[in-house]
Amino acid sequence: MPFNDTILKAAYGEKTTHTPVWFMRQAGRSQPEYRKIKETHSLFEITHDPELCAYVTKLPVDQYNTDAAILYKDIMSPLGAIGVDVEIKSGIGPVIGNPIRSIQDVERLGEIHPEKDVPYILDTIRLLTTEQLNVPLIGFTGAPFTLASYMIEGGPSKNYNKTKAMMYEQPEAWHLLMEKLSDMCITYTHAQIDAGCKMIQVFDSWVGALNRADYHEFIAPHMHRIFAGIKEKNVPVTTFGVGASHLIEEWNALPVDVLGLDWRLQIEEARAKGITKTLQGNLDPAILLAPWPVIESHLKRILDQGLQSDSYIFNLGHGVFPEVQPDTLRRVSEFVHDYSAQYKK
C-alpha cells in the first residue's frame, strides 16, 4: 500500500486530493479493544511494551481510516527522566510527588537522554514506522506552561493560581523552569523524529489560562525557541491549546506550521484575523454524541470554511470522549474524505 502523505502536504499548504483527518485521543478510551487491554494493563505498562503500544497506536488508523497515527503515550512520559516524581492516578490524572516551589527546586531538575531514559517510546516509533504504518506518525510533547502547571500545582488545577504566582513572584525561577523544559521538549522531539515520526504536535493544553500580554512576555520567547529547534529536523509542527482563541495571533507569530483550534473560534474567524497558516480542527467533541444528521450538519459547516484553503487539517476541538462510538468516528472520517474530495475535484 503506498504511503499516504496527505497530512504532511496540508501542513505545508500544498494541494491535496482530500482533507486529511485525525482525531486527538483517537487511540484509547472509546475503543472496546483498548478497554479490554486496560482490564489487565496500566497506561504505564502499555507505553513500556512497544508491541502493545504500537497495536494501540495503529488501531484507530485501521478502524477509522485516518490520515495519521498519533503515538499513544502521555505528556508526562518524559518528566521522570528529569527528576519529576509523577504518577498517573485513575480518576485524578497526573500527581506530582515533589512539586516545584522555588528556584532551588528548578535547579535540581536534570536533562533527558531519550535513548537511555525512554527507549521503549523510541522502539515503539521504530516498530510503527518501519513495519506497520502507511500514514505519518505524529509525535508529541507537552509545552512548558502546561507541564509546569502540573509540576507547580502538584496535579490538575482549575485556576492555576500557584503556577501564575510563581510566574509573577519568581520570574527568575519561572524563566529557568521554562528554559529547562524547553531543552527537554527539543531533545525529546528530536529523538522521536530520528526514530521515525514525520510530524510533531506540541500540546499547550492549559495555556489559555493566561492573557495575551502574559503569554507574550512569559511564554512566547520559549515557544519560539522550541518550534525553531524542532523545525531544524524539517518536519511540520503543530501547536494546540484549549480555550486559547485569544492567543491565535501570538501563535501565528511563532515559527510553527499548523495552528490547532478548539471549537470556540471558527475557522473563518481565524482567517478574518489574518491567519494564513494551516489550521487544524475543530469539531466540538460533544457533537459526536448527537444523532448523525446533527453531526453531518456541523461537519459541512466546518469543512465549508476549511476548504477555502489547502491549508487545512480536520480534527476535533479537543480529545475523543470515552462515550463516543467507534463507528461514529469511522463515519466522520469517511464523510470528511468524501465531501472534501468532491470539493477539490
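What you see is a predicted model, and the numbers here were worked out from it, not measured in a lab.

This part is about the overall build of the protein chain. Summing up its helical and strand segments, the protein chain has 15 helices and 9 strands in all. A globule of 345 residues ought to have a C-alpha radius of gyration of about 20 Å, and the protein chain, at 19 Å, matches this closely. When the backbone C-alpha atoms are referred to their principal axes, the protein chain occupies close to 60 × 45 × 35 Å. Of all 345 residues assigned to the protein chain, the portion counted as buried reaches 57%. Considering only contacts within the protein chain whose residues lie at least 6 apart along the sequence, 74% involve residues at least 24 apart. Summing over all exposed atoms, the protein chain offers an accessible surface of approximately 14,100 Å²; the carbon and sulfur share of this is 51%.

So, about the side chain of His318. Looking at the element boundaries, His318 is found in the loop between strand 9 (312-316) and helix 15 (326-344). What His318 contacts, discounting residues up to four positions off in sequence, is Met24, Arg25, Trp206, Phe240, Val242, Trp263 and Pro285.

Turning to the UniProt feature "binding site: substrate" (unreviewed entry) in the protein chain, a few remarks are in order. As recorded in UniProt, the feature "binding site: substrate" (unreviewed entry) lies at Arg25, Gln26, Ala27, Gly28, Arg29, Phe44, Asp74, Tyr150, Ser205 and His318. A stretch of 294 residues holds the annotated residues, and the largest C-alpha distance among them is 23.4 Å, long enough that they do not meet in one place. Tracing the backbone shows Ala27 in the loop between helix 1 (6-11) and helix 2 (32-38). Ala27 has contacts with Val56, Thr57, Pro60 and Tyr72, leaving out every residue within four places of it along the chain. Here Arg29 is to be found in the loop between helix 1 and helix 2. Those residues in contact with Arg29 that sit more than four places away from it in its chain are Tyr34, Arg35, Val320, Phe321 and Pro322.

Let's shift gears to helix 11 (residues 212-231). Turn by turn, an α-helix covers 3.6 residues, leaving residues three or four places apart pointing in a common direction. Over its 20 residues, helix 11 runs only 24 Å from end to end, short of the ideal 28 Å by more than 12%, given 1.5 Å per residue. At Ile219, helix 11 is deflected by roughly 55 degrees, the largest bend along its length, and proline Pro221 occurs up to four residues later in sequence. Among the residues of helix 11, Asp214, Tyr215, Phe218, Ile219, Ala220, His222, Met223, Ile226, Phe227, Gly229 and Ile230 are the ones counted as buried. In this structure, the buried residues of helix 11 make contact with helix 8 (144-153), helix 9 (161-169), helix 10 (171-195), strand 5 (199-203), strand 6 (237-240) and helix 12 (248-252). A distance of 3.1 Å separates the backbone nitrogen of Ala213 from a side-chain oxygen at the start of helix 11, and that oxygen is part of Asn211.

Take the UniProt feature "domain: Uroporphyrinogen decarboxylase (URO-D)" (unreviewed entry) in the protein chain next. Listed under "domain: Uroporphyrinogen decarboxylase (URO-D)" (unreviewed entry) in the UniProt record, and renumbered for this structure, are residues 20-29 and 138-154. Annotated as residues 20-29, this span is 0% helix and 0% strand, and its ends, taken at the C-alpha atoms, are 22 Å apart.

We now examine unusual backbone geometry. Geometrically, the link from Gly281 to Asn282 is a cis peptide bond, its omega value of -5 degrees lying close to zero. In this fold, Asn282 is placed in strand 8 (residues 278-283). In this structure, Arg25 takes a positive phi of about 60 degrees despite not being glycine. Relative to the helices and strands, Arg25 resides in the loop between helix 1 and helix 2. A relative accessible area of 44% places Arg25 in the partly exposed class. Of note, Asn234 is a non-glycine position whose phi angle comes to about 60 degrees, a positive value.

Rules used throughout
- Residues numbered from 1 in each chain as written.
- Predicted model: local features only at pLDDT ≥ 70, side-chain atom pairs only at ≥ 80, totals over all residues.
- Heavy atoms only, no water.
- Helix = DSSP H or I, 4+ residues; strand = E, 2+ residues; numbered from the N terminus.
- Rg over C-alpha atoms; globule rule 2.2 N^0.38 Å.
- Buried < 20%, exposed > 50% of the residue type's maximum accessible area, 1.4 Å probe, protein only.
- Contact = heavy atoms within 4.5 Å.
- Areas by Shrake-Rupley, 256 points an atom, 1.4 Å probe, with all protein chains shown as cover.
- UniProt positions renumbered as here; feature names shortened; annotations may be inferred.
- Expected span 1.5 Å × (residues − 1).
- Bend = angle between axes of the 7 residues up to and from the residue.
- Polar contact = N/O pair within 3.5 Å; in protein donor to acceptor, adjacent residues only side chain to side chain.

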